[in-house]
Amino acid sequence: MKEILEAEKASLFPNEIPKWGEPYPNRLDKKSVLTSLTDYILQVNYREYKPDKRKVLAVRISDRTATLRNVAPPLRHEVYYFIEGELFPYEGMTKLREGQTPAELAEELLDDIYEQLYIWVAYDLTKGSPPGFGKPFDEPHIFKGSENPNPERITRLAPVKGVNPLFFRPDPVPVYTVDDFVPDVTIEEIFRHVDDLVKNDFRNALPEGDNPPIWETPLIGIASVDDPIFARFQDPEVEGSGHRLPQEWLKGARSVISVFLPFTKHISAHYTKQQRYSALEFSSGKWNGSKFLNVVRRSLIRFANSRGAEALAPNIDPRYDSDGWRPYWSERHVAFAAGLGTFGLHQNLISERGALGRICSVITTLNLKPTVRSYTDVYGYCLYAFDGSCDACIRRCPTGAITDAGKVDGRCETHGNKEHFKDWNYGSCGHCSTNIPCSRTIPAKIKRTLK
Ligand code: B12
């Protein structure tokens, strides 16, 4: 009986992404997408062509079938794609041509997007941080590495009183600047685009309760693909040779846009210091909020396309994969490169808005002005690394995964949150980014020295 229940649950919440080319049990149900699109085309071509910006394709996690819906508060076991502007980005794509039936146009349109759509669905409905599809890259892997790797992880910086000498503090990273140039698009425009999504897209909402927003005002940073820091990420002590250069993902790439989304207060409101398990809101915000990170990724790709450029988001690309926990594209390292913040002892990125948030990025052929990093130290915003005066994340972690010598691999996943939230099928912990001095800001003492 127990096995049947478990099997039923597994089919309700499929979680795996197979390797590229392997049979894929959770493929999006093509017939239901076709039916939904046919119906949509029929409706909007009634009498005169009137595209309907409220209509979304809703895909259910249990059997990956799609239905046509109006925008409404999101349900936790579904994921949504706008028909106009998202599935079909250009105006008039859903307009029937002379003599064409809705089913014919739907079939034609679906032929173009089906593979892309089922890849998006797989990433959107997958929990945690699993490896991806791993489709082979066309060209051989370019390995550059930096001139000065430090695989022995010996700290070469002067010791800091109160900081365990065994805590590895990497060599500083030079600031990268470019001469004045006219960018294709300003960072302010990119900010406005993402901020508008955060404020107005219905998918930025918890499926529980009164559906409060998950994310608040974003931070945007930009890195140049010519920044030598991308080669450094390939060093063994950083991410390793598996980390791909931006140009490997996208030929002709010039810039990387990184977005930090801070969680709203609702997400951490019920997450006291005392509790072992996370607040339901946090666990839900993490999983349901991940779907929104992909909304941002896809939207930034369309933003670049609309300006005549190409773009791609490695984390939802079929070639995305990882060597164990080491991803081919690390959102945190990229955010560090893009000037968004530094690492903390807890290993999370600490941004100007703190560590309590998540990150996504897009590589583009747009020529954008890189954000100047206001730090050179990998742990520049961490109070522990600064003067040894903070151990909040060490104390807050329920598993002892964070120590004054760094984070212990493998321990963090044993917190039992998954088991605790098994009926919800949530499971993220996140103690180490909540209720600590760097949760929502750079700690005051460091801020003062930055001025
Ligand atoms: C694997 C992974 C996990 C694993 C962690 C295992 C591990 N050892 O990394 C598990 C499942 C446990 C996990 C848990 C969590 N994760 Co996680 N995870 C990832 C993933 C897929 C890759 C992380 C990674 O790069 N690991 C590889 C190791 C090598 O990286 P690292 O140890 O951090 O790197 C160190 C070295 O590079 C070293 N270093 C040495 N020399 C040098 C030189 C330079 C120049 C630099 C920069 C660094 C450096 O410094 C770094 C920090 O110590 C990313 C998504 C992505 N694709 O980026 C999300 C991601 C890192 N996770 C995230 C989050 C939020 C979490 C959780 C809070 C809960 C959750 N899942 O929401 C916890 C936090 C745990 C913690 N304190 O780290 C966010 C981070 C947000 C933030 N503010 O930083 C990410 C970016 C997901 C996202 N899209 O937002 N995660």
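For clarity, every value in this text was computed on a predicted model and none was experimentally measured.

## Observations regarding the domain arrangement of the protein chain
Much of the literature gives interface size as the accessible area that the parts lose upon coming together.
Moving on, step 1. Considered domain by domain, the protein chain is made up of domain 1 (13–124) and domain 2 (187–450).
Moving on, step 2. Contacts between the two partners involve 23 residues from domain 1, matched on the other side by 23 residues from domain 2.
Moving on, step 3. Taken together, both faces of the contact between domain 1 and domain 2 bury some 2100 Å²; the carbon and sulfur share is 56%.
Moving on, step 4. At the boundary of domain 1 and domain 2, one finds 4 salt bridges.
Moving on, step 5. Among the ionic pairs, lysine 19 bridges to aspartate 321, the shortest N-O distance being 2.8 Å.
Moving on, step 6. Counting the contacts that link domain 1 with domain 2 gives 11 residue pairs in polar contact (both at pLDDT 80 or more).

## What to know about the site of the ligand
Moving on, step 1. Surrounding the ligand, one finds 38 residues, the nearest of these being Glu239, His333, His346, Leu349 and Tyr379.
Moving on, step 2. Residue histidine 333 places a side-chain N or O atom 2.7 Å away from an oxygen atom belonging to the ligand.
Moving on, step 3. Secondary structure elements with two or more residues in the shell around the ligand: helix 8 (280–306), helix 9 (331–337) and strand 11 (357–364).
Moving on, step 4. A breakdown of the residues in the shell around the ligand according to their chemical character gives 19 nonpolar, 9 polar and 10 charged.

## A closer look at a negative patch on the surface
Moving on, step 1. On the surface, a cluster of negative charge is contributed by Glu104, Glu107, Asp111 and Asp112.
Moving on, step 2. Mapped onto the secondary structure, aspartate 111 falls in helix 3 (residues 102–124).
Moving on, step 3. Residue aspartate 111 is classed as exposed on the basis of its relative accessible area of 57%.

## Things to note about unusual backbone geometry
Moving on, step 1. Its identity as a non-glycine residue notwithstanding, arginine 47 has a phi of 60°, on the positive side.
Moving on, step 2. With respect to the helices, strands and loops of the structure, arginine 47 is situated in the loop between helix 2 (30–44) and strand 1 (55–60).
Moving on, step 3. Judged by its relative accessible area of 75%, arginine 47 is exposed.
Moving on, step 4. Backbone geometry at glutamine 347 places phi at a positive 75°, although glycine is not the residue there.

## Structural notes on the side chain of asparagine 315
Moving on, step 1. Within the element layout of this structure, asparagine 315 appears in the loop between strand 6 (311–312) and strand 7 (322–323).
Moving on, step 2. Separated by 3.1 Å, the side chains of asparagine 315 and glutamate 331 make a polar contact.
Moving on, step 3. If we ignore the near neighbours within four places in the chain, the residues touching asparagine 315 are Tyr123, Arg297, Tyr320, Trp329 and Glu331.

## A short note on helix 4 (residues 187–200)
Moving on, step 1. Across its 14 residues, helix 4 extends 20 Å between first and last C-alpha, which sits within 8% of the 20 Å expected from 1.5 Å per residue.
Moving on, step 2. Taken residue by residue, helix 4 has Ile190, Val194, Asp195, Leu197 and Val198 as its buried positions. Summarising the axial view, the buried residues of helix 4 lie within an arc of 155°, below the 170-degree limit, and thus occupy one face. Exposed side of helix 4, more than 90 degrees from the buried face: Arg192, Lys199 and Asn200 are the residues found there.
Moving on, step 3. Turning to helix 4, the residues buried within the fold contact strand 4 (219–224), strand 5 (255–262) and helix 8.

## Let's talk about the nonpolar core
Moving on, step 1. Membership of the largest hydrophobic core comes to 123 residues, with the highest contact counts inside it found for Leu117, Ile190, Phe230, Val259 and Val296.
Moving on, step 2. At 13 residues, the largest contribution of residues to this core is made by helix 3.
Moving on, step 3. Counting only domains with at least three residues in this core, you end up with domain 1 (13–124) and domain 2 (187–450).
Moving on, step 4. Sequence-distant contacts of isoleucine 190, that is, excluding residues within four places in its chain, are made with Val185, Ile220, Ile222, Ile257, Leu300, Phe303 and Leu368.
Moving on, step 5. Counting residues in hydrophobic clusters, the runner-up holds 5 residues, among them Val56, Ala58, Tyr80 and Phe202.

## Let's talk about helix 8
Moving on, step 1. The terminal C-alpha atoms of helix 8 lie 38 Å apart, and with 27 residues this matches the ideal 39 Å at 1.5 Å per residue to within 8%.
Moving on, step 2. Approximately 30° is the largest bend angle found in helix 8, and it occurs at glycine 289.
Moving on, step 3. Buried residues dominate helix 8, accounting for 22 of its 27 residues.
Moving on, step 4. Looking at the residues trailing helix 8, positive phi occurs at glycine 308, about 75°.

## Observations regarding the packing of helix 4 against helix 8
Moving on, step 1. Running from amino to carboxyl end, helix 4 crosses helix 8 at an angle of 140°, the nearest separation of the two axes being 11 Å. Taken together, the axis directions place helix 4 and helix 8 in an arrangement best described as oblique. Considering how the two elements wind past one another, helix 4 and helix 8 form a crossing that is right-handed. In contact with Glu189, Ile190, His193, Val194, Leu197 and Val198 of helix 4, helix 8 contributes Phe292, Val295, Val296, Ser299, Leu300 and Phe303.

The rules we used
Residues numbered from 1 in each chain as written. Predicted model: local features only at pLDDT ≥ 70, side-chain atom pairs only at ≥ 80, totals over all residues. Heavy atoms only, no water. Domains from an automatic or database assignment. Contact = heavy atoms within 4.5 Å. Buried area = accessible area lost by both parts, 1.4 Å probe. Salt bridge = Lys/Arg side-chain N within 4 Å of Asp/Glu carboxyl O. Polar contact = N/O pair within 3.5 Å; in protein donor to acceptor, adjacent residues only side chain to side chain. Near = heavy atom within 4 Å. Helix = DSSP H or I, 4+ residues; strand = E, 2+ residues; numbered from the N terminus. Nonpolar A, V, L, I, M, F, W, Y, C, P; charged D, E, K, R; others polar. Patch = residues over 30% accessible without salt bridge, like charges linked within 9 Å, V, L, I, M, F, W, Y side chains within 5 Å. Areas by Shrake-Rupley, 256 points an atom, 1.4 Å probe, with all protein chains shown as cover. Lys, Arg positive; Asp, Glu negative; His and termini not counted. Charge placed at Lys NZ, Arg CZ, Asp CG, Glu CD. Buried < 20%, exposed > 50% of the residue type's maximum accessible area, 1.4 Å probe, protein only. Expected span 1.5 Å × (residues − 1). Arc of directions from axis to C-beta. Core = buried A, V, L, I, M, F, W, Y, C linked by side-chain atoms within 4.5 Å. Bend = angle between axes of the 7 residues up to and from the residue. Axes fitted to C-alpha atoms, helices over the stretch in contact; angles between N-to-C directions. Parallel < 35°, antiparallel > 145°, perpendicular 65-115°, else oblique. Left-handed = near helix turned anticlockwise from the far one by under 90°.

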